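Below, each chain spelled out in residue letters.
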Amino acid sequence: MSLTARIVSALLAAFVVAIILKLQRRGGLVSKYGLLWMATSALMLVMAAAPDVVDMVGGWLGVEYTPSLVFMAALGFVLVVLVQYSWELSRSEQRIQILMEEVALLRRELEEQRKDAEAEG
């Protein structure tokens, strides 16, 4: 990896760290996601600072073209994040459905109480 590519990668990773820290300080990012993205940024910094580590891991795994290892790892990471987001979205939809049903029942009960109060008064 050329020196320019290392510098650009390191700057990109540092930029991501800065954005994550800013989002966490302002409360715009839940800490569990912040930790995920901070770990990802740290890994980016390691790969930018020591690209030989990627070559070494690629050699252990028998990968001839190590940049493909980086892309496969990134693709795997994105797939895991997407599955996790889909799972959380499904849970949220279920919770919203339950809350909507509870609100409808409470609204009906309130209307019945108002009708009873009007009939007595």
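Only a predicted model underlies this, so the values are computations on that prediction, with no experimental measurement involved.

Q: Any chance you could explain the environment of Tyr65 here in plain terms?
A: Tracing the backbone through its elements, the reader meets Tyr65 in the loop between helix H3 (51–61) and helix H4 (66–120). Residues Tyr65 and Asp55, ten residues apart in the sequence, show an inter-C-alpha distance of 8.6 Å.

Q: Explain the pattern of salt bridges to me, please; I cannot follow it from the model alone.
A: Any two side chains of opposite charge can pair, given that their charged atoms come close. Counting across every chain of the model gives one salt bridge. Between Glu112 and Arg108 there is a salt bridge; the shortest N-O distance is 3.4 Å. In this pair, Glu112 and Arg108 are both assigned in helix H4, four residues apart and thus about one turn of the helix distant. Look at Glu112 and you get partly exposed, because its relative accessible area is 42%.

Q: Please clarify how the packing of aromatic side chains should be interpreted in this entry.
A: One pair of aromatic rings is described through two measures. These are the centre distance and the angle between the planes. Tallying each qualifying case throughout the model produces two aromatic pairs. Residues Trp37 and Phe77 carry aromatic rings whose centres are separated by 5.4 Å and whose planes lie at 85° to one another, so their mutual orientation is edge-to-face. One end of the pair, Trp37, is in helix H2 (residues 31–49); the other, Phe77, is in helix H4, with 40 residues separating them in the sequence. Given the relative accessible area of 24%, Phe77 is considered partly exposed. In this structure, Arg91 packs its charged tip against the face of Trp87, placed 4.6 Å from the ring centre.

Reading the values: rules and limits
- Residues numbered from 1 in each chain as written.
- Predicted model: local features only at pLDDT ≥ 70, side-chain atom pairs only at ≥ 80, totals over all residues.
- Heavy atoms only, no water.
- Helix = DSSP H or I, 4+ residues; strand = E, 2+ residues; numbered from the N terminus.
- Salt bridge = Lys/Arg side-chain N within 4 Å of Asp/Glu carboxyl O.
- Buried < 20%, exposed > 50% of the residue type's maximum accessible area, 1.4 Å probe, protein only.
- Phe/Tyr/Trp six-rings, centres within 6.5 Å; stacked < 30°, edge-to-face > 60°.
- Lys NZ or Arg CZ within 6 Å of the ring centre and 35° of its normal.

As far as function goes, none of this settles anything; it's purely spatial.
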